[in-house]
Each structure stands twice: as structure tokens, then as C-alpha cells.
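# Coordinate inspection notes
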Amino acid sequence: CVRWLRLRAAIRREDEERLAAVFDLDATLVGRGDERIEPTCALLHTCAALRITPFFVTARSEEGRQYTEDQLRRMGLGGLHKRLFMHPADAPASAAGRVKAHARERIRAHGYAVCFNAGDALHDHFHPTPPAFRQTLHGGLGVFVTEDGVGHLKLPG
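Report follows, based on the coordinates.

This brings us to the packing of aromatic side chains. For the structure shown, the criterion picks out 4 aromatic pairs. Seen in terms of ring centroids, Phe55 and Phe85 are 6.2 Å apart; in terms of plane orientation they differ by 45°. Their pairing is tilted. In this pair, Phe55 is assigned in strand β2 (residues 52–61) and Phe85 in strand β3 (residues 84–87), connecting sequence segments 30 residues apart. Summarising the burial analysis for this pair, Phe55 and Phe85 share the class buried. Measuring from centroid to centroid gives 5.1 Å for Phe55 and Tyr112, while their planes differ by 80°, and the two rings are edge-to-face. Here Phe55, found in strand β2, pairs with Tyr112, found in strand β4 (residues 112–119); they are 57 residues apart in sequence, far enough to count as distant. The two residues Phe55 and Tyr112 agree in class, both being buried.

So this is what it looks like as C-alpha cells:
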């Protein structure tokens, strides 16, 4: 993943291209309680060093925003609350894939090219999930680049 991030940062399509990386929270950056998942947190810091703007896209309800922002601060990941996309309180949990896809589209609409995506669930990466990925990655680990040029880290979930 680090090699992909370095390569993608080095070949920005335009001088002004703004790159973005999308990270899920639970079972991706955050373990039990306030425990950091260090390898993924290191990827987040690598993104920042390479001028790739990190965003958090989570299925946590908007009702828990204050708790989530406080938890990120306790974990040393504070200051990114303006880049935190949460699940609308009125949306059913079953809509997580659609909501996360919409968040990624909003990031793109703000002028960012999403070049990396990390998460433990298939809906962190796709909506809808292509059948081939459903069979090969369900519950497992995967590192792959999709045809739209996005590098993915699918963590076991």
C-alpha cells in the first residue's frame, strides 16, 4: 500500500490535482475501545506526508459525532473532523454501502481524486459489490487496484 501511495503521489495527473484517501474507522483505524490499529494509522500518516488528504467515511450514526470526534482526538487523530462523513441518523443501517458511496462522490465533487480506500467491509469499497469481489474477498484480506485507479486495502472483517 505504501508503494502504491508513493507511486500515485509521484504521478499526479496535474500540478493542482488534489489526491484523497478514504479510511473506514471501526476495524480499520480503531480497534476495541480507543485502541489504534497501528499499521493502518501508519498508512494515514503516510498519506499526510505525501500530501494525500485523508477522509474518514464511517457507518457510525451522525448521532454519535461528538463521541467519534473525541475518540479520534484521544487516539491522536484529531483535527480531521471536517473530513468525517457519518451515516445519517435517519438512514437504515442496511444503506451503509449506498451512504458510503455517496460520501466518496461528495469527496470527488469537492475536487479530489480518490486514490486510496481502506476498510474491512466490502461496502467500504463498492456499492454495489461486484460478484467476483463478493466471492474472493468476503471476510478476507485483499490489496488491489480497481480500473478507476483507486488502490484498495480490504481488511479482514
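Estimates place the volume of the largest pocket at around 200 Å³. In terms of lining residues, the largest pocket is bounded by 14 residues, among which Arg108, His125, Phe126, Asp148 and His152 are the most central. Among the elements of the structure, α4 (96–109) and β4 are those that each provide at least two residues to the lining of the largest pocket. The greatest single-element share of the lining of the largest pocket, amounting to 4 residues, is contributed by α4. Grouping the constituent residues of the lining of the largest pocket by class yields 5 nonpolar, 5 polar and 4 charged.

Below, the discussion takes up the sheet that holds strand β1 (residues 18–23). The strand order β3-β2-β1-β4-β6-β5 describes an open sheet built from 6 strands, whose pairing is mixed. In this open sheet, the two edge strands, each paired with only one partner strand, are β3 and β5 (142–145). Each adjacent strand pair in this sheet contributes to an overall mean axis angle of 20°, direction not counted. As judged from the 3 bridges shared by β2 and β3, these two strands associate in the parallel manner. Bridging across to β3, Phe56 finds its partner in Leu84. Sheet contacts for α4: β1, β2, β3 and β4; angle to β2, the most-contacted strand, approximately 155°.

What follows deals with the pattern of salt bridges. Pairs can form between side chains of opposite charge once their charged atoms are near each other. Applying the stated rule across the entire model yields 10 salt bridges. If you follow the salt bridges from partner to partner, you end up with Asp24, Lys100 and Asp124 in one network.

A few words now on the environment of Trp4. Along the chain, the position of Trp4 falls in helix α1 (residues 2–10). Residue classification places Trp4 among the partly exposed residues on the basis of a relative accessible area of 22%. Counting along the chain gives 147 residues from Trp4 to Gly151, while the straight-line C-alpha distance between them is 7.0 Å. When neighbours within four sequence positions are excluded, Trp4 is seen to be in contact with Cys115, Phe116, Val145, Gly149 and Gly151.

Definitions and limits used
Residues numbered from 1 in each chain as written. Predicted model: local features only at pLDDT ≥ 70, side-chain atom pairs only at ≥ 80, totals over all residues. Heavy atoms only, no water. Phe/Tyr/Trp six-rings, centres within 6.5 Å; stacked < 30°, edge-to-face > 60°. Helix = DSSP H or I, 4+ residues; strand = E, 2+ residues; numbered from the N terminus. Buried < 20%, exposed > 50% of the residue type's maximum accessible area, 1.4 Å probe, protein only. 1 Å grid on protein atoms, 1.4 Å probe; cavity = no way out; pocket = protein on both sides within 12 Å on 5 of 7 lines; lining within 4 Å. Points joined across faces, edges and corners; volume = space filled by probe spheres on them. Nonpolar A, V, L, I, M, F, W, Y, C, P; charged D, E, K, R; others polar. Pairing = 2+ DSSP bridges. Axes fitted to C-alpha atoms, helices over the stretch in contact; angles between N-to-C directions. Contact = heavy atoms within 4.5 Å. Salt bridge = Lys/Arg side-chain N within 4 Å of Asp/Glu carboxyl O.

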